[in-house]
Amino acid sequence: MVNEVKTLHIANALLLPEVIKLLNEGHTVTLPLRGYSMRPFLENGRDKALLRKAEEVKVGDPVLAEIHPGHYVLHRIVDITGDQVTLRGDGNLGTEQCQLSDVKAIAIGFYRKGREKLDSIKDCKWRIYSWWWVRLLPLRRYLLFAFHPHIPRRWRKQS
(Lines give C-alpha, C1' and ligand atoms only; values in the text may rest on other atoms or scores of the structure.)
Protein backbone atom coordinates (compact mmCIF):
# COMPACT_ATOMS: atom_id res chain seq x y z
CA MET A 1 0.00 0.00 0.00
CA VAL A 2 1.33 3.45 -0.93
CA ASN A 3 1.30 6.15 1.70
CA GLU A 4 -0.53 9.21 0.55
CA VAL A 5 0.93 12.63 1.33
CA LYS A 6 -1.62 15.26 2.21
CA THR A 7 -0.98 18.97 2.38
CA LEU A 8 -2.79 21.14 4.88
CA HIS A 9 -2.81 24.90 4.35
CA ILE A 10 -3.19 26.95 7.51
CA ALA A 11 -3.67 30.72 7.46
CA ASN A 12 -0.53 32.60 8.48
CA ALA A 13 -2.50 34.50 11.13
CA LEU A 14 -3.12 31.15 12.88
CA LEU A 15 0.12 29.32 12.10
CA LEU A 16 2.75 31.99 12.70
CA PRO A 17 1.88 32.78 16.34
CA GLU A 18 2.43 29.06 17.06
CA VAL A 19 5.72 29.14 15.14
CA ILE A 20 6.80 32.16 17.19
CA LYS A 21 6.01 30.28 20.42
CA LEU A 22 8.33 27.47 19.29
CA LEU A 23 11.05 29.96 18.39
CA ASN A 24 10.73 31.65 21.79
CA GLU A 25 11.21 28.23 23.43
CA GLY A 26 14.57 27.94 21.63
CA HIS A 27 13.57 25.75 18.71
CA THR A 28 14.35 26.37 15.05
CA VAL A 29 11.50 26.08 12.58
CA THR A 30 11.51 25.23 8.89
CA LEU A 31 8.68 27.13 7.23
CA PRO A 32 7.44 26.66 3.65
CA LEU A 33 7.39 30.01 1.84
CA ARG A 34 4.18 31.49 0.49
CA GLY A 35 3.89 34.56 -1.65
CA TYR A 36 6.00 36.28 -4.26
CA SER A 37 7.61 39.11 -2.31
CA MET A 38 11.06 37.49 -2.23
CA ARG A 39 11.24 36.71 -5.94
CA PRO A 40 13.20 36.01 -8.04
CA PHE A 41 15.37 33.86 -5.78
CA LEU A 42 12.83 32.47 -3.33
CA GLU A 43 9.67 30.94 -4.79
CA ASN A 44 6.14 30.50 -3.51
CA GLY A 45 5.45 26.88 -2.58
CA ARG A 46 8.90 25.67 -3.65
CA ASP A 47 11.36 26.98 -1.06
CA LYS A 48 11.59 26.85 2.73
CA ALA A 49 13.15 29.14 5.33
CA LEU A 50 14.99 27.94 8.43
CA LEU A 51 14.09 30.37 11.21
CA ARG A 52 15.42 31.03 14.69
CA LYS A 53 14.41 33.61 17.28
CA ALA A 54 15.60 37.11 16.37
CA GLU A 55 17.91 38.33 19.09
CA GLU A 56 20.22 40.67 17.23
CA VAL A 57 19.43 41.78 13.71
CA LYS A 58 21.15 44.07 11.26
CA VAL A 59 20.54 45.68 7.90
CA GLY A 60 20.51 43.01 5.20
CA ASP A 61 19.08 40.23 7.39
CA PRO A 62 15.99 38.39 6.11
CA VAL A 63 13.50 38.41 8.99
CA LEU A 64 9.97 37.38 9.87
CA ALA A 65 8.18 40.46 11.17
CA GLU A 66 4.64 41.34 12.18
CA ILE A 67 3.93 44.57 10.30
CA HIS A 68 0.27 44.77 11.40
CA PRO A 69 -1.53 42.68 14.01
CA GLY A 70 -1.77 39.17 12.52
CA HIS A 71 0.01 40.17 9.27
CA TYR A 72 3.53 38.76 8.90
CA VAL A 73 6.15 39.15 6.19
CA LEU A 74 9.50 37.53 5.52
CA HIS A 75 11.53 40.42 4.11
CA ARG A 76 15.00 41.88 4.22
CA ILE A 77 15.85 44.68 6.67
CA VAL A 78 16.87 47.76 4.68
CA ASP A 79 17.15 50.27 7.55
CA ILE A 80 17.12 50.43 11.34
CA THR A 81 16.71 53.84 12.95
CA GLY A 82 16.32 53.61 16.70
CA ASP A 83 13.48 51.11 17.22
CA GLN A 84 12.02 51.69 13.73
CA VAL A 85 12.76 48.93 11.19
CA THR A 86 12.24 49.31 7.43
CA LEU A 87 11.70 46.12 5.44
CA ARG A 88 11.56 45.36 1.73
CA GLY A 89 10.91 42.06 0.01
CA ASP A 90 13.43 41.25 -2.70
CA GLY A 91 10.54 41.14 -5.16
CA ASN A 92 9.02 44.42 -3.96
CA LEU A 93 9.66 48.03 -4.84
CA GLY A 94 7.98 49.51 -1.75
CA THR A 95 8.79 49.14 1.93
CA GLU A 96 7.03 48.32 5.19
CA GLN A 97 7.78 49.55 8.68
CA CYS A 98 7.61 47.89 12.06
CA GLN A 99 9.17 48.22 15.48
CA LEU A 100 12.28 46.24 16.44
CA SER A 101 10.09 44.30 18.89
CA ASP A 102 7.90 43.20 15.94
CA VAL A 103 10.82 41.32 14.35
CA LYS A 104 10.06 37.79 15.52
CA ALA A 105 12.62 35.61 13.71
CA ILE A 106 15.66 35.71 11.51
CA ALA A 107 16.02 33.37 8.54
CA ILE A 108 19.38 31.69 9.01
CA GLY A 109 19.11 29.99 5.66
CA PHE A 110 16.89 28.67 2.90
CA TYR A 111 16.20 25.29 1.34
CA ARG A 112 15.85 26.19 -2.33
CA LYS A 113 14.69 24.29 -5.41
CA GLY A 114 13.84 21.13 -3.49
CA ARG A 115 17.38 20.69 -2.20
CA GLU A 116 18.13 19.25 1.22
CA LYS A 117 21.26 21.38 1.66
CA LEU A 118 20.76 24.68 3.44
CA ASP A 119 21.84 27.89 1.70
CA SER A 120 23.04 29.79 4.78
CA ILE A 121 22.81 33.59 4.88
CA LYS A 122 26.44 33.53 6.06
CA ASP A 123 27.65 31.74 2.91
CA CYS A 124 29.56 33.68 0.29
CA LYS A 125 26.88 32.97 -2.34
CA TRP A 126 24.10 34.57 -0.25
CA ARG A 127 26.23 37.59 0.68
CA ILE A 128 27.25 38.26 -2.95
CA TYR A 129 23.67 37.87 -4.17
CA SER A 130 22.41 40.16 -1.41
CA TRP A 131 25.05 42.82 -2.06
CA TRP A 132 24.20 42.99 -5.76
CA TRP A 133 20.43 42.71 -5.46
CA VAL A 134 20.16 45.52 -2.90
CA ARG A 135 22.21 47.81 -5.15
CA LEU A 136 20.07 46.99 -8.21
CA LEU A 137 17.00 48.60 -6.61
CA PRO A 138 16.62 51.29 -9.32
CA LEU A 139 16.53 48.54 -11.97
CA ARG A 140 14.33 46.07 -10.08
CA ARG A 141 11.13 47.14 -11.81
CA TYR A 142 12.56 45.90 -15.12
CA LEU A 143 14.34 42.84 -13.72
CA LEU A 144 11.25 41.66 -11.83
CA PHE A 145 9.07 42.00 -14.93
CA ALA A 146 10.69 38.87 -16.35
CA PHE A 147 9.88 36.89 -13.19
CA HIS A 148 6.33 38.13 -12.59
CA PRO A 149 3.96 35.12 -12.21
CA HIS A 150 1.24 36.67 -14.41
CA ILE A 151 3.37 37.48 -17.45
CA PRO A 152 2.38 35.29 -20.39
CA ARG A 153 4.98 32.63 -21.20
CA ARG A 154 5.27 33.85 -24.78
CA TRP A 155 6.77 37.11 -23.46
CA ARG A 156 9.43 35.26 -21.48
CA LYS A 157 12.60 33.93 -23.03
CA GLN A 158 12.14 30.25 -23.83
CA SER A 159 14.92 27.84 -22.90
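Residues numbered from 1 in each chain as written. Predicted model: local features only at pLDDT ≥ 70, side-chain atom pairs only at ≥ 80, totals over all residues. Heavy atoms only, no water.

A. Fine view of the nonpolar core. Formed by 32 residues in total, the largest nonpolar core has its most connected members in L51, L64, L74, L87, C98, V103 and F110. For this core, the secondary-structure elements that each account for two or more residues are α1 (12-24), β1 (29-32), β2 (48-53), β3 (62-68), β4 (71-81), β5 (84-88), β7 (103-111) and α2 (124-135). The greatest single-element share of this core, amounting to five residues, is contributed by β7. (Core = buried A, V, L, I, M, F, W, Y, C linked by side-chain atoms within 4.5 Å. Buried < 20%, exposed > 50% of the residue type's maximum accessible area, 1.4 Å probe, protein only. Helix = DSSP H or I, 4+ residues; strand = E, 2+ residues; numbered from the N terminus.)

B. Representation of α2 in the model. In a regular helix each residue adds 1.5 Å, so twelve residues correspond to 16 Å; α2 covers 17 Å between its end C-alpha atoms and thus fits that length. Every buried residue belonging to α2 is among W126, Y129, S130 and W133, and all of these are buried. The arc that holds the buried residues of α2, viewed along the axis, is 100°, so those residues lie on one side. Residues of α2 that are exposed and point over 90 degrees away from its buried face: R127 and W132. (Expected span 1.5 Å × (residues − 1). Arc of directions from axis to C-beta.)

C. Just a nonpolar patch on the surface, in detail. A cluster of nonpolar side chains, namely L8, I10 and L14, defines an oily patch on the protein surface of about 330 Å² accessible area. Mapped onto the secondary structure, L14 falls in helix α1. For L14, a relative accessible area of 60% gives the class exposed. (Patch = residues over 30% accessible without salt bridge, like charges linked within 9 Å, V, L, I, M, F, W, Y side chains within 5 Å. Areas by Shrake-Rupley, 256 points an atom, 1.4 Å probe, with all protein chains shown as cover. Salt bridge = Lys/Arg side-chain N within 4 Å of Asp/Glu carboxyl O.)

D. Molecular detail of α1. In this model α1 runs 17 Å from its N-terminal to its C-terminal C-alpha over 13 residues, within 8% of the 18 Å that 1.5 Å per residue would give. Contacts made by the buried residues of α1 are with β1, β2, β3, β4 and β7. Phi turns positive, to about 100°, at G26, one or two residues after α1. (Contact = heavy atoms within 4.5 Å.)

E. Molecular detail of the pairing of strand β6 (residues 96-99). Here β6 shows a buried face lined by E96 and C98 and an unburied face lined by Q97 and Q99. Bridge analysis of β5 against β6 gives four bridges, and the strand direction is antiparallel. When the sheet's bridge partners are listed, V85 is paired in β6 with C98. (Pairing = 2+ DSSP bridges.)

F. Focus on the pattern of salt bridges. Counting across every chain of the model gives six salt bridges. Where D119 meets R112, a salt bridge forms, and the shortest distance between an N and an O atom there is 3.8 Å. Each member of the pair, D119 as well as R112, carries the same accessibility label: buried. Three or more residues joined by partner-sharing salt bridges are found here, namely R112, D119 and K125.

G. Quick peek at the layout of surface pockets. For the largest pocket, the calculated volume is near 580 Å³. For the largest pocket, the lining is made up of 27 residues, of which N12, P32, L33, R34 and G35 are closest to its centre. Elements that contribute at least two residues to the lining of the largest pocket include exactly α1, β1, β2 and β4. Here the element with the most residues in the lining of the largest pocket is β4; it accounts for five residues. (1 Å grid on protein atoms, 1.4 Å probe; cavity = no way out; pocket = protein on both sides within 12 Å on 5 of 7 lines; lining within 4 Å. Points joined across faces, edges and corners; volume = space filled by probe spheres on them.)

H. The arrangement of the packing of aromatic side chains in detail. Scanning all chains against the criterion turns up two aromatic pairs. Both rings, one in W126 and one in Y129, keep their centres 5.1 Å apart while their planes meet at 65°; by these two values the pair is edge-to-face. In this pair, W126 and Y129 are both assigned in helix α2, three residues apart and thus about one turn of the helix distant. The same class applies to W126 and to Y129, which are both buried. (Phe/Tyr/Trp six-rings, centres within 6.5 Å; stacked < 30°, edge-to-face > 60°.)

I. Fine view of the confidence of the model for the protein chain. Mean pLDDT over the protein chain works out to 84, with 85% of the residues at or above the 70 mark. Throughout residues 151-159 the model reports pLDDT below 50, and contacts reaching past four residues in sequence, or to other chains, amount to nine contacts. (pLDDT = per-residue confidence, 0-100.)

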